[in-house]
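# Understanding the architecture of this molecule
The primary structure of each chain is shown beneath.
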Amino acid sequence: LVASVDAAVVGGRLLAATFRGRVTRGVSLKTKVLLGGGRYQTQIARDGTFEFPDVPVGTYILEVQSPHLVYSR
């Protein structure tokens with residue numbers, strides 16, 4: 001029996017912003033997480049987690065669009 005992987009789940013968790021060790025602002029529920037230049041998009045949950053189900057195997061850049069915070073790619 002041979003199994004092949006054509007897709008996977010990509011997920012993670014966004015953390016609140018900190019400045020000099022202090023939390024400055026929590027993660028907004030209006031924050032979007034994108035893969036592949038926006039080809040795949042998802043919202044975050046209240047605890048900051050996100051998930052993309054069934055992402056085809058490949059290399060992607062993950063981007064976060066937040067109304068209050070800036071995240072690096």
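Residues numbered from 1 in each chain as written. Predicted model: local features only at pLDDT ≥ 70, side-chain atom pairs only at ≥ 80, totals over all residues. Heavy atoms only, no water.

## Some thoughts on the packing of aromatic side chains
Scanning all chains against the criterion turns up two aromatic pairs. With a centroid separation of 6.0 Å and an interplanar angle of 80°, the aromatic rings of Tyr40 and Tyr60 are classed as edge-to-face. Placement of the pair is Tyr40 in strand E5 (residues 40–43) and Tyr60 in the loop between strand E6 (49–56) and strand E7 (62–65), with a sequence separation of 20 residues. With a relative accessible area of 28%, Tyr60 lands in the partly exposed category. Ring plane angle 70° and centroid distance 6.1 Å describe the contact between Phe50 and Phe52, whose orientation is recorded as edge-to-face. (Phe/Tyr/Trp six-rings, centres within 6.5 Å; stacked < 30°, edge-to-face > 60°. Helix = DSSP H or I, 4+ residues; strand = E, 2+ residues; numbered from the N terminus. Buried < 20%, exposed > 50% of the residue type's maximum accessible area, 1.4 Å probe, protein only.)

## Here we look at the environment of Tyr60
Separated by 25 residues in sequence, Tyr60 and Leu35 have C-alpha atoms that sit 6.0 Å apart. In contact with Tyr60, other than residues within four places in its own chain, are Leu35, Gly36, Tyr40 and Val55. In terms of polar contacts, Tyr60 uses its side chain to reach the backbone carbonyl oxygen of Pro56, at 2.7 Å. (Contact = heavy atoms within 4.5 Å. Polar contact = N/O pair within 3.5 Å; in protein donor to acceptor, adjacent residues only side chain to side chain.)

## A closer look at the sheet that holds strand E4 (residues 32–35)
Sheet architecture is open: three strands sit in the order E5-E4-E7, paired in antiparallel fashion. If you trace the sheet from one side to the other, it starts and ends with E5 and E7, each paired once. Pairwise comparison of adjacent strand axes, ignoring direction, gives a mean angle of 20° for this sheet. (Pairing = 2+ DSSP bridges. Axes fitted to C-alpha atoms, helices over the stretch in contact; angles between N-to-C directions.)

## Concerning the environment of Thr49
Topologically, Thr49 is positioned in strand E6. The partly exposed category is assigned to Thr49, whose relative accessible area is 29%. In the structure, Thr49 is positioned 37 residues away from Gly12 in sequence and 5.6 Å away in space, judged by C-alpha atoms. Ignoring any residue separated from it by four or fewer positions in sequence, one finds Thr49 in contact with Gly12, Arg13, Gln43 and Ile44.

These figures come from the coordinates and say nothing about function on their own.
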